[in-house]
Amino acid sequence: MKRIVVTALAVLGFGLFFGITPGANPAWAKGASALKTLDTDNDGTVDLNEAKAAASTEFDKLDKDHDGTLDKKELGKHLAGKNFTAADGDKDGTVSKDEYAAVVEQRFKAADRDNEGTVDAKELSSGHGKALVKLLK
């Protein structure tokens, strides 16, 4: 029993030392959660192919009328305002799957701060990473 209490106190002390408090949800934890969902080959990172596969799946979920495009209503919070306008390359008032994939690729490259061709949990928890994740889930 004494060993369990000592171990628990050590873990709590370690967490407090590094600024992690019980119930806290540090930014990297959100990145780690997204990584777990998107990292289909379980290598600890998300590559562009994994991101595009997730984007394709998300696009299909959002395409409620199954017409192969997303309008502003279907996209909702995923891509709004000036981001929607920028994504709508042909200016037809909708975003095609190819246009959606192009935005995903742009956001992926912005999140890939070290230009390794992959994003990790830390990169996914950055502003650019969060913008990418918003399109993928």
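In every chain, residue numbers begin from 1 and rise along the written sequence. Since the coordinates come from a predicted model, pLDDT governs what is reported: local features require at least 70, and pairs of side-chain atoms require 80 or more to be given and counted, while whole-chain, interface and lining totals use all residues. Side-chain metrics in this entry use all non-hydrogen atoms of the structure; hydrogen atoms and water are not considered.

Colleague: Which parts of the structure should I look at to understand the overall build of the protein chain?
Modeller: Numbering goes from the N terminus for both helices and strands, where a helix is a DSSP run of H or I of at least four residues and a strand is a run of E of at least two. Summing up its helical and strand segments, the protein chain has eight helices and four strands in all. Only protein chains enter the accessibility calculation, which uses a 1.4 Å probe. A residue is then buried if its area is under 20% of the maximum for its type, exposed if over 50%, and partly exposed in between. Buried residues in the protein chain amount to 34% of all 137 residues. For the protein chain, the proportion of contacts with a sequence separation of at least 24, taken over those separated by at least 6, is 54%. Accessible area of the protein chain: about 8,600 Å², with a carbon and sulfur share of 58%. Throughout, a contact is declared for two residues whenever any of their heavy atoms are within 4.5 Å. With residues, only the protein chains shown are counted as cover, and all accessible areas are computed by Shrake-Rupley using a 1.4 Å probe.

Colleague: Mind showing me how you'd approach the confidence of the model for the protein chain here?
Modeller: In low-pLDDT segments, the atomic positions of the prediction should not be examined closely. Per-residue confidence from the predictor is reported as pLDDT, a score between 0 and 100. Looking at the protein chain, the pLDDT average stands at 83 and 77% of residues meet or exceed 70. No element of the protein chain has a lower mean pLDDT than helix α1 (residues 2-17), at 43, and none a higher one than strand β3 (residues 95-96), at 98. The low-confidence segment residues 3-28, where pLDDT is below 50, has eight contacts with residues more than four positions distant or belonging to other chains.

Colleague: Please explain helix α8 (residues 127-136) as it appears in this structure.
Modeller: The α-helix advances 3.6 residues per turn, and as a result positions three or four apart in sequence lie on the same side. Inspection of α8 places Gly129, Leu132, Val133, Leu135 and Leu136 among the buried residues, and these make up the whole buried set. One side of α8 holds all its buried residues, which, seen down the axis, span an arc of 155 degrees. Working note: the arc is built from the helix axis to C-beta atom directions.

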